[in-house]
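# Structural description and commentary
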Amino acid sequence: NRITSDQEAGKITANAVLQETGKLMGDAVFDPKNIRNVRVDLTVDELALNHLDAYGRWYAAHPLEDGLLRYVTKTVVQDGMIDSQNHLRVDKLKVGKKVDEHDPEIYVLPLRLAAGLLKDVNGVVELDVPVKGDLKDPEFKVWPIVWQVLKNLIVKAATAPGRLLVRALEGADESDLERLRFEYLQPGPAKPQQKTLKQLASALKAKPELTVDLVSIVDPKAEAKEVAVFHAKKAFLFPDKSTIDGADSTRITELSARDTAFTAYVDGRTASMQGKSLHDRCLSLLGAVEADRIAGEIEYARRESTIQFLLAQGVEAARARYRDGTAEELAGQRGVPGYRFVYDVGE
């Protein structure tokens, strides 16, 4: 429309087709007395992301195989201050596996995993990216802010997936979607672990593309020592019993390792180990090889019963599996028995 300085507002309307499929519709309303003051309402709809595949491969190291983008922005610039509210909706987003040929200057982000975590049960990703600031500030730049918001969201998917998954599950706990903890010598899930596993099963149902690896975080040597203490308590409490029942096990567990009669019993049988810890003394009584064997059997039973519980909750066998962790995955994680949940995207 024709714009003159005596108007209260000057309006520009734009329409375009983007990459053969996308429909752009936009209005910009300017202040004719100061055209730097402007309100922009712009929508891009039905933009097929596979038409941008070449850009995805080169600038993001991932093919854009499918997805329809809808982008809506409402942006106001007044007296040099920008307030931009941006909403992105992607339906049926599909990101391919990382490619080796890409811009060497980019930081490769885990886009496939992020897409799987961000999608809802209907395969839709919705993001809000607000931008506010002072355009008069030479240090203020819009696109680095947008990029940082998106980058932080994607990195969070790899480093703290529970924060994204918890949004899809009412009443869920973030930590319950990242790891599972057991007591030493516990061979399978009890009520606290079952609650966590049920939340994990619900998360996998809500995110159909995700798979999860259960990476053991137990310190096997520490558990072997706990096995040795248990057997020392058994020998102390039930010296004439070759087998024990549930009530006996409860009594053994409830006996404090600091019980003076028990420590005196251990000290008397390991007099040559003066200065060594109670755990080391008990380990010498049982034998390290035997303690490792029993601890290994407990971990195997714990692993199998955990997987079976997930299967009973309706999780497909291909979507939950046990594996050994890498050094990076286990860094700072080793300790009491349990599993770290490492998420990925299936084929």
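Residues numbered from 1 in each chain as written. Predicted model: local features only at pLDDT ≥ 70, side-chain atom pairs only at ≥ 80, totals over all residues. Heavy atoms only, no water.

What follows covers the packing of aromatic side chains. In total, this model carries four aromatic pairs according to the counting rule given. The interplanar angle of 50 degrees and the centroid separation of 5.3 Å between the aromatic rings of Phe236 and Tyr265 together place this pair among those described as tilted. In this pair, Phe236 sits in helix H6 (residues 220-237) while Tyr265 sits in helix H8 (residues 260-269), placing the two residues 29 residues apart along the sequence. Taken together, the aromatic side chains of Phe182, Tyr322 and Tyr339 make up a single cluster linked through ring pairs. A cation sits over an aromatic face here: Arg302 above Phe182, 5.8 Å from the ring centre. (Phe/Tyr/Trp six-rings, centres within 6.5 Å; stacked < 30°, edge-to-face > 60°. Helix = DSSP H or I, 4+ residues; strand = E, 2+ residues; numbered from the N terminus. Lys NZ or Arg CZ within 6 Å of the ring centre and 35° of its normal.)

Moving on, we come to helix H10 (residues 288-312). Between the first and last C-alpha of H10 there are 36 Å, a value that for 25 residues agrees with the 36 Å anticipated at 1.5 Å per step. Remark: Gly314 follows H10 within two positions and exhibits a positive phi of approximately 95 degrees. (Expected span 1.5 Å × (residues − 1).)

As a further point, take the side chain of Thr196. Tracing the sequence through the fold places Thr196 in helix H5 (residues 191-206). Residue classification places Thr196 among the buried positions, given a relative accessible area of 6%. (Buried < 20%, exposed > 50% of the residue type's maximum accessible area, 1.4 Å probe, protein only.)

Right, let's get into the sheet that holds strand S7 (residues 179-181). Spatially, four strands are ordered S7-S10-S8-S9 in an open sheet, and the strand pairing comes out mixed. Every interior strand has two partners, whereas the edge strands, S7 and strand S9 (320-323), have only one. Sheet twist, expressed as the average angle between the axes of neighbouring strands with direction ignored, equals 25 degrees. Sheet topology places strand S8 (residues 210-216) next to strand S10 (residues 338-345); seven bridges connect them, and they run antiparallel. Residue Val212 lies in a different strand from S10, and its bridge partner there is Tyr343. Those strands touched by helix H2 (residues 111-118) are S8 and S10, and its axis lies near 100 degrees from that of S10. Its contacts with the sheet place H5 against S7, S8 and S10, and it is angled at close to 165 degrees to S7. (Pairing = 2+ DSSP bridges. Axes fitted to C-alpha atoms, helices over the stretch in contact; angles between N-to-C directions. Contact = heavy atoms within 4.5 Å.)

Attention now goes to H2. The element H2 is largely enclosed, with a buried count of eight among its eight residues. Residues Leu111, Arg112, Leu113, Ala114, Ala115, Gly116, Leu117 and Leu118 constitute the buried set of H2.

We now examine the sheet that holds strand S1 (residues 10-18). Pairing is antiparallel in the open sheet, where six strands are placed in the order S1-S2-S3-S4-S5-S6. The open sheet has two free edges, formed respectively by S1 and strand S6 (124-134), since each of these has just one partner strand. Each neighbouring strand pair of the sheet contributes to a mean axis angle of 15 degrees, computed without reference to strand direction. Looking at chain direction, strand S2 (residues 22-31) and strand S3 (residues 34-48) are connected through nine bridges and run antiparallel. Bridge pairing in S3 places Phe30 opposite Val38.

Before going further, it helps to spend a moment on the side chain of Glu299. Turning to its location among the elements, Glu299 is positioned in helix H10. Residue class for Glu299 comes out buried when judged on its relative accessible area of 10%. In contact with Glu299, other than residues within four places in its own chain, are Ser216, Val218, Tyr322 and Tyr339.

Before going further, it helps to examine the packing of H6 against H8. Relative orientation of the contacting elements H6 and H8 amounts to 100 degrees, with a least axis distance of 10 Å. It follows from the interaxial angle that H6 and H8 lie roughly perpendicular. In this structure, H6 uses Val229, Ala232, Lys233, Ala235 and Phe236 to contact H8, whose residues at the interface are Ala261, Phe262, Tyr265 and Arg269. Split by residue class, the contact of H6 with H8 holds seven nonpolar, no polar and two charged. (Parallel < 35°, antiparallel > 145°, perpendicular 65-115°, else oblique. Nonpolar A, V, L, I, M, F, W, Y, C, P; charged D, E, K, R; others polar.)

Bringing the nonpolar core into the picture now. Among the nonpolar cores identified, the biggest contains 46 residues, and Leu200, Leu210, Val212, Phe341 and Tyr343 are the most heavily contacted of them. Contact partners of Leu210, with chain neighbours within four places excluded, come to Leu113, Gly116, Leu117, Leu165, Leu204, Arg319, Tyr343, Asp344 and Val345. Within the second largest apolar cluster, 19 residues are counted, among which are Ile252, Phe262, Val266 and Cys282. (Core = buried A, V, L, I, M, F, W, Y, C linked by side-chain atoms within 4.5 Å.)

Two elements in contact, H6 and H10, have axes whose closest approach is 8 Å; the angle formed by their N-to-C orientations is 110 degrees. By the angle between their directions, the pair H6 and H10 is classed as roughly perpendicular. Of H10, the residues touching H6 (which contributes Lys221, Glu223, Ala224, Val227 and His231) are Ala291, Asp292, Ile294, Ala295, Ile298 and Arg302. Tallied by class, the residues present in the contact of H6 with H10 amount to six nonpolar, one polar and four charged.

What the rule picks out here adds up to 21 salt bridges. Residue Lys119 is joined to Glu209 by a salt bridge in which the shortest nitrogen-to-oxygen separation is 2.4 Å. Here Lys119 is found in the loop between H2 and S6, whereas its partner Glu209 is found in the loop between H5 and S8, with 90 residues between them in sequence. By relative accessible area, which is 6% here, Lys119 ends up buried. On the basis of relative accessibility, which here comes to 33%, the residue Glu209 falls in the partly exposed class. Here Lys136 and Asp134 are joined by a salt bridge, their closest N and O atoms 3.2 Å apart. The class for Asp134 is partly exposed, based on a relative accessible area of 27%. What emerges from the salt-bridge pattern is a single network uniting Asp213, Arg321, Arg323 and Glu329. (Salt bridge = Lys/Arg side-chain N within 4 Å of Asp/Glu carboxyl O.)

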